[in-house]
Amino acid sequence: MSCQPERKTQVYIWLKNKQICLLCDEPSDSPQALCAPCLDELPWLGSQCPICALPLPAPGPACGQCLQRPPAFERVIAPWRYEFPVDSLISRFKHHEKWPFGRLMAELLVQFLLYRFDEDLPSPDALVPVPLSRRRLRQRGFNQAGMLAHWLGQHLKLPVEARLLLRTLDTPAQQGLDARARQRNLRGAFSLAPDARIAGRHLALVDDVLTTGATAQALARLLVAAGARRVDVYCLARTPRPEA
């Protein structure tokens, strides 16, 4: 006698489900909702600063700012330039609650990170999402960095410490500010949780876009001052640095 239940109705097989590309609406030839031609045409970040991932016209050493004032973080890992269609996907995920776009980009970032781990990038001890102010969290309803960190942690088998960093000041939006104004805007904006365990750990900050790096620098300084062994930054896209 078989102990397995007998099912006479048709069973839905998830693995045979056809994905539709989120960019062109054509059937995807992969398990992800992105077809191979659209994947190839994404604005992949080529020549870049090996520290802050600033797009550069040709391969070379670190950018002038990183050479003159080395940041507190060790390295920025970003697959794309902040250009179409990546900028549109991030905006729709971030401002219009189109979570499938965010999850798709997180899955692609996972593959990119795994490739880098196989090369020379050390894996962190934990992922730390960039915190959102309470006002912005109430307005948006979610922290996009927290969601990205959660998806990355699931696939990479890494713990996510979403409450390690706190946003203590509700500062004005960073859009439209130059690098120095962004740094002034962030003074005293972050703190560590009272029970934060930092000393000797390798931590990776997670965010959607890196622009001037002011936020990443403020948070990395805080973590390094608390004894972090290394701080990296994982994000979806990197913009050209605006003029200071």
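Residues numbered from 1 in each chain as written. Predicted model: local features only at pLDDT ≥ 70, side-chain atom pairs only at ≥ 80, totals over all residues. Heavy atoms only, no water.

In the nomenclature of an unreviewed UniProt entry, the chain corresponds to ComF family protein from the organism Pseudomonas piscis. The chain has a UniProt comment under Sequence similarities (unreviewed entry) that states "Belongs to the ComF/GntX family." (UniProt positions renumbered as here; feature names shortened; annotations may be inferred.)

### Re helix α6 (residues 144-156)
An α-helical turn contains 3.6 residues, so a residue and the one three or four places further along point in the same direction. Taking 1.5 Å of rise per residue, 13 residues should cover 18 Å, and α6 covers 18 Å from first to last C-alpha, within 8% of that figure. Buried within α6 are the following residues: Gln144, Ala145, Met147, Leu148, Ala149, Trp151, Leu152, Gly153 and Leu156. Tucked inside the fold, the buried residues of α6 contact α3 (86-95), α4 (99-119), β3 (126-129), α5 (134-140), β6 (202-210) and β7 (230-238). Between the side-chain oxygen of the N-cap and the backbone nitrogen of alanine 145 there are 3.0 Å, and the N-cap of α6 in question is asparagine 143. Looking one or two residues past α6, lysine 157 carries a phi angle of roughly 60°, positive in sign. (Helix = DSSP H or I, 4+ residues; strand = E, 2+ residues; numbered from the N terminus. Expected span 1.5 Å × (residues − 1). Buried < 20%, exposed > 50% of the residue type's maximum accessible area, 1.4 Å probe, protein only. Contact = heavy atoms within 4.5 Å. Polar contact = N/O pair within 3.5 Å; in protein donor to acceptor, adjacent residues only side chain to side chain.)

### Quick notes on the nonpolar core
Membership of the largest hydrophobic core comes to 37 residues, with the highest contact counts inside it found for Leu113, Leu152 and Tyr234. Every element with two or more residues in this core is listed here: α3, α4, α6, β6 and β7. The element contributing the most residues to this core is α4, with ten residues. Residues contacting tyrosine 234, with those up to four places away along its chain left out, are Ile77, Leu113, Phe117, Leu121, Pro122, Pro124, Leu127, Ala204, Leu205, Val206 and Asp207. Counting 31 residues, the second largest nonpolar core, distinct from the first, contains Leu45, Ala62, Val130 and Leu210. (Core = buried A, V, L, I, M, F, W, Y, C linked by side-chain atoms within 4.5 Å.)

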